[in-house]
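Analysis of the macromolecular model
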Amino acid sequence: MRVLRIVVLVCLIVIVGIQFVPTEHNLSESVPETDFMLVNEVPDAIQAKLKVSCYDCHSNNTSYPWYSRVQPVSWFLEGHIEEGKSDLNFNEWEDYSTRKRYSKLRSIISQIEDDEMPLESYSLIHSDAKLSGKEKAEIISYMNQLKERL
Amino acid sequence: MKKVRKVLSLLVVTGVTLAFASCKDGGNDDSMESTSSGMGQEGGSNEVSTGVMADSYGNTTAESVVNNYLRLTSALAASDQNQAAEAGRYLVADFKGFDKSSYSSAEQQELTDIVEDATEHAEHISKSDLGHQREHFDILSKDVIDMIAITGTERNLYQYFCSMYNGDKGGQWLSDTKEVKNPYFGSQMMSCGELQK
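Now for a look at the structure at hand. Remember, predicted model here, so these are calculated numbers, not experimental data. (Residues numbered from 1 in each chain as written. Chains lettered and ligands numbered in written order. Predicted model: local features only at pLDDT ≥ 70, side-chain atom pairs only at ≥ 80, totals over all residues. Heavy atoms only, no water.)

**Focus: a negative patch on the surface**
Residues and elements named next belong to chain A. On the surface, Glu-33, Glu-92, Glu-94 and Asp-95 cluster together to form a negatively charged patch. Tracing the chain through its elements places Glu-33 in the loop between α1 (2-18) and α2 (36-40). With relative accessibility at 70%, the residue Glu-33 sits in the exposed group. (Patch = residues over 30% accessible without salt bridge, like charges linked within 9 Å, V, L, I, M, F, W, Y side chains within 5 Å. Areas by Shrake-Rupley, 256 points an atom, 1.4 Å probe, with all protein chains shown as cover. Salt bridge = Lys/Arg side-chain N within 4 Å of Asp/Glu carboxyl O. Lys, Arg positive; Asp, Glu negative; His and termini not counted. Charge placed at Lys NZ, Arg CZ, Asp CG, Glu CD. Helix = DSSP H or I, 4+ residues; strand = E, 2+ residues; numbered from the N terminus. Buried < 20%, exposed > 50% of the residue type's maximum accessible area, 1.4 Å probe, protein only.)

Okay, structure coming up:
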């Protein structure tokens with residue numbers, strides 16, 4: 001019983017301690033002109049869906065929930081966001097070469113088709129991010145259109 | 001005291017669970033079952049001569065890219081995810097050190113775009129499962145073909161196209177042998193490939 005008390009105490013100290021480790025937050029005030037939505041004049045329905053299901057990790061602006069301020073949750077989130085942004089950042093779409101846009105569109109389509117995106121852990125917590133069969137088809141069809149136009 | 005301990009334990013468990021919940025995807029992203037499994041036991045595979053490894057400090061040339069690209073092609077034809085990932089890593093190094101200085105400024109611009117795109121594909125190849133590697137290989141092949149259109153190559157290469165890949169959109173690749181060894185399907189459809197040039 002003593003051991004348990006010590007273990008719990010240590011955990012408490014660690015948990016409280018790591019709260020003081022600073023993490024950078026992915027926040028930006030305005031939407032840049034290079035954003036995917038502006039460059040492509042994306043239809044409203046698709047815009048809304050992409051913002052809810054994708055933009056948290058694939059743009060310069062994340063909507064952080066309350067629990068994201070707690071470590072180690074904050075670390076894991078930042079890790080996901082960093083990786084997401086480096087693979088695809090919708091805010092920088094205009095800066096992508098045509099070649100790169102083509103690659104990204106193909107990846108977007110493939111990831112959605114394979115249900116690899118949005119991440120399961122993300123849609124578990126953000127149920128509005130889940131894509132229904134119809135939504136998947138709409139997004140994929142739209143991305144295909146963009147791809148043809150390139 | 002008992003109540004406090006219970007609350008604390010609950011907090012710890014919650015915290016750890018949350019942590020694992022968001023951590024789970026990190027490792028599982030690439031564990032998708034590859035649909036085109038089947039180790040191609042191609043007897044006496046024509047091993048491409050050991051590719052020139054990029055000198056990470058020096059400037060790499062198109063030849064190094066071509067060599068490592070061909071290694072990648074062979075690895076995919078053999079359905080060897082590990083070898084393909086390794087070839088991917090070499091290609092990343094090649095692209096990062098790519099020397100564009102001997103080309104015109106218009107060509108350099110094009111090469112910059114090609115290399116930027118190709119690097120990303122090579123990076124993905126170095127850490128994905130076989131199915132994803134092949135998806136990236138498709139576009140990477142186009143990049144390499146476009147690169148060679150500018151840089152040329154000393155090697156004698158054959159360009160193939162298999163229309164069965166990617167829902168009939170097909171995939172292309174370059175090979176240095178006349179024997180068709182399909183990197184998209186491996187042993188499942190080794191000979192799907194039409195010589196283009």
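**Quick notes on the side chain of Thr-62 of chain A**
Residues and elements named next belong to chain A. Looking at the secondary structure, you find Thr-62 in the loop between α3 (44-53) and α4 (73-87). You can call Thr-62 buried: its relative accessible area is 7%. A polar atom in the side chain of Thr-62 sits 2.8 Å from the side chain of Asn-26. Residue contacts for Thr-62: discarding those within four places in its chain leaves Asn-26, Leu-27, Asp-56 and Ile-81. (Polar contact = N/O pair within 3.5 Å; in protein donor to acceptor, adjacent residues only side chain to side chain. Contact = heavy atoms within 4.5 Å.)

**Comments concerning the packing of aromatic side chains**
If you walk through the whole model with that rule in mind, you get 11 aromatic pairs over all chains. Grouping aromatic residues by their ring pairs yields a cluster made of Tyr-69, Phe-137, Tyr-160, Tyr-165, Trp-173, Tyr-184 and Phe-185 of chain B. (Phe/Tyr/Trp six-rings, centres within 6.5 Å; stacked < 30°, edge-to-face > 60°.)

**Comments concerning the nonpolar core**
If you look at the biggest cluster of nonpolar residues, it comprises 39 residues, and the most contacted ones within it are Tyr-69, Leu-72, Phe-95, Phe-137, Leu-140, Met-147 and Trp-173 of chain B. Counting residues per element, the ones that place at least two in this core are α2 (62-77), α3 (81-96), α4 (105-125), α5 (130-151), β1 (158-162) and β2 (171-175) of chain B. The element that contributes the greatest number of residues to this core is α2 of chain B, accounting for 8 residues. Aside from chain neighbours lying at most four places away, what touches Phe-137 of chain B is Tyr-69, Leu-72, Thr-73, Leu-76, Ile-125, Gln-172, Trp-173, Pro-183 and Tyr-184 of chain B. Core analysis: the second largest hydrophobic core is formed by 21 residues, Leu-50, Ile-112, Leu-131 and Ile-139 of chain A among them. (Core = buried A, V, L, I, M, F, W, Y, C linked by side-chain atoms within 4.5 Å.)

**Structural notes on unusual backbone geometry**
All names here are of chain A. In this structure, Pro-72 follows Gln-71 across a cis peptide bond, with omega equal to 0°. On the secondary structure map, Pro-72 appears in the loop between α3 and α4. Cis peptide bonds are those with omega within 30 degrees of zero, and the linkage from Met-117 to Pro-118 qualifies with -5°. Of note, the phi angle at Glu-41 is positive, near 50°, even though the residue is not glycine.

**What to know about the packing of α2 of chain B against α5 of chain B**
Residue and element names in this part refer to chain B. Taken N-terminus to C-terminus, the directions of α2 and α5 make an angle of 150°; their axes are 11 Å apart at the nearest point. Considering their axes alone, α2 and α5 lie roughly antiparallel with respect to each other. Two packed elements cross with a definite hand, and for α2 against α5 that hand is left-handed. Of the residues in α5, those touching α2 at Ala-62, Val-65, Val-66, Tyr-69, Leu-72, Thr-73 and Leu-76 are Leu-130, Gln-133, Arg-134, Phe-137, Leu-140, Ser-141, Val-144, Met-147, Ile-148 and Thr-151. The residue inventory of the contact of α2 with α5, partitioned by class, reads 12 nonpolar, 4 polar and 1 charged. (Axes fitted to C-alpha atoms, helices over the stretch in contact; angles between N-to-C directions. Parallel < 35°, antiparallel > 145°, perpendicular 65-115°, else oblique. Left-handed = near helix turned anticlockwise from the far one by under 90°. Nonpolar A, V, L, I, M, F, W, Y, C, P; charged D, E, K, R; others polar.)

**Section: the state of the cysteines**
Disulfide: a covalent bond formed between the sulfur atoms of two cysteine residues. Applying the stated criterion across every chain yields a total of 0 disulfides over all chains. Here Cys-57 of chain A stays unpaired: no disulfide links it, and the sulfur of Cys-54 of chain A, its closest cysteine neighbor, is 9.6 Å away. (Disulfide = S-S within 2.5 Å.)

**A short note on the pairing of β2 of chain B**
All names here are of chain B. Most of β2 is tucked away: 5 of the 5 residues are buried. Across the two faces of β2 the burial is the same, with Gly-171, Trp-173 and Ser-175 and Gln-172 and Leu-174 all buried. In this structure, β1 lies alongside β2, joined through 5 bridges in antiparallel fashion. Looking across to β2, one finds that Tyr-160 is bridged to Trp-173. (Pairing = 2+ DSSP bridges.)

**A few points about a nonpolar patch on the surface**
Residues and elements named next belong to chain A. There is a patch of nonpolar side chains on the surface, built from Ile-6, Val-10 and Val-14 and spanning about 250 Å² of accessible area. Residue placement: Val-14 occurs in helix α1. Judged by its relative accessible area of 45%, Val-14 is partly exposed.

**Quick look at the pairing of β1 of chain B**
Residue and element names in this part refer to chain B. Of all the 5 residues making up β1, 4 are buried; the element is thus mostly covered by neighbouring parts of the structure. With 2 bridges joining them, β1 and strand β3 (residues 194-195) adopt antiparallel strand pairing. Looking across to β3, one finds that Phe-161 is bridged to Glu-194.

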